[in-house]
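# Survey of secondary and tertiary structure
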Amino acid sequence: MATSSRVMRFNFLSIAALASFAATASAQGNSCPEASRFGNVQVSPSTLSPGETFTVTADLTCAIQLGNTPTFLDYYISATATHTVSGPILIARRTYDNSTSPPIDKFTAVLPHWFYFADATYSLLMDNSFARAGPTGESVITTGGILTPINITGF
Ligand SMILES: *[C@@H]1O[C@H](CO)[C@@H](O)[C@H](O)[C@H]1NC(C)=O
Ligand SMILES: *[C@@H]1O[C@H](CO)[C@@H](O)[C@H](O)[C@H]1NC(C)=O
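Residues numbered from 1 in each chain as written. Chains lettered and ligands numbered in written order. Predicted model: local features only at pLDDT ≥ 70, side-chain atom pairs only at ≥ 80, totals over all residues.

## Digging into the overall build of the chain
What the chain contains, in helices and strands, is 2 helices and 8 strands. Its helices and strands in sequence order give the chain the pattern α-β-β-β-α-β-β-β-β-β, from N to C terminus. A total of 155 residues make up the chain; the buried ones form 17% of that total. Long-range contacts, defined as pairs at least 24 residues apart, comprise 65% of the intrachain contacts of the chain with a sequence gap of at least 6. (Helix = DSSP H or I, 4+ residues; strand = E, 2+ residues; numbered from the N terminus. Buried ≥ 20, exposed ≤ 12 C-beta atoms within 10 Å, placed from the backbone. Contact = placed C-beta atoms within 7 Å.)

Structure follows, in structure tokens:
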């Protein structure tokens, strides 16, 4: 009975130690959250008027780490509203060079004069088009996007 109890305690400690080790390993493996699988994108300034110059900075570290290395990066301004809105509007279409170090795509753009609405919610959309092997091994380009909120004023 005493032996059995000691064995059980030993097992418990082993499992606790393994669990703690696994949690540490898993925390390191999760350094790239699912939300960053196509990259992260920032706009500065994030409140813009038509004709204004802004800087876009896309960090592709997580996209590349998760196997979504961009071939092309397309950037759009997209709008949502309770009524119909036109769009998205293309801001930049860029070819990504995977030898870029650090893996950042940074450029400036000018917000076009367009049909904006005071009641719409605006975002910058980055579409990452990356190659994937299809069922026969053929390389196919597929796309995933990430949005970052912006404000558009002064129109
Ligand atoms: C892009 O570069 C990274 C880092 O060097 C590498 O791990 C990855 O395999 C490359 N992806 C492609 C599609 O070449
Ligand atoms: C948009 O404007 C609102 C109101 O001024 C502000 O609270 C919010 O932080 C702005 N968002 C961005 C992305 O700049």
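Past the structure itself, the notes keep going.
## Focus: the sheet that holds strand β6 (residues 104-110)
Taken in spatial order, the 3 strands make up an open sheet running β1-β3-β6, and their pairing is antiparallel. The sheet is open, and its two borders are formed by β1 (40-44) and β6, each paired with just one other strand. The sheet shows a mean angle of 20° between the axes of neighbouring strands, direction not considered. Note that β1 and strand β3 (residues 53-59) share 5 bridges and pair antiparallel. In the strand pairing of β3, Ser44 is matched with Thr55. (Pairing = 2+ DSSP bridges. Axes fitted to C-alpha atoms, helices over the stretch in contact; angles between N-to-C directions.)

## Observations regarding the sheet that holds strand β2 (residues 47-48)
Strand order in the open sheet formed by 5 strands is β2-β8-β7-β4-β5, and the pairing between neighbours is mixed. Two strands in the sheet have a free side with no partner beyond their single neighbour: β2 and β5 (89-95). Pairing of strand β7 (residues 121-133) with strand β8 (residues 139-152), which is carried by 12 bridges, proceeds in the antiparallel orientation. Each residue of the ladder has a partner; that of Ala133, found in β8, is Ser139.

## A short note on the confidence of the model for the chain
Confidence in the prediction of the chain, expressed as mean pLDDT, is 86, and 81% of residues score 70 or more. Contacts from residues 1-28, a stretch scored under 50 in pLDDT, to residues over four places away or in other chains number 0 contacts. (pLDDT = per-residue confidence, 0-100.)

## Concerning the site of ligand 2
What surrounds ligand 2 is the set Ser46, Thr47, Pro149, Ile150 and Asn151. With 3 residues, β8 is the single largest residue contributor to the shell around ligand 2. (Near = placed C-beta within 6 Å.)

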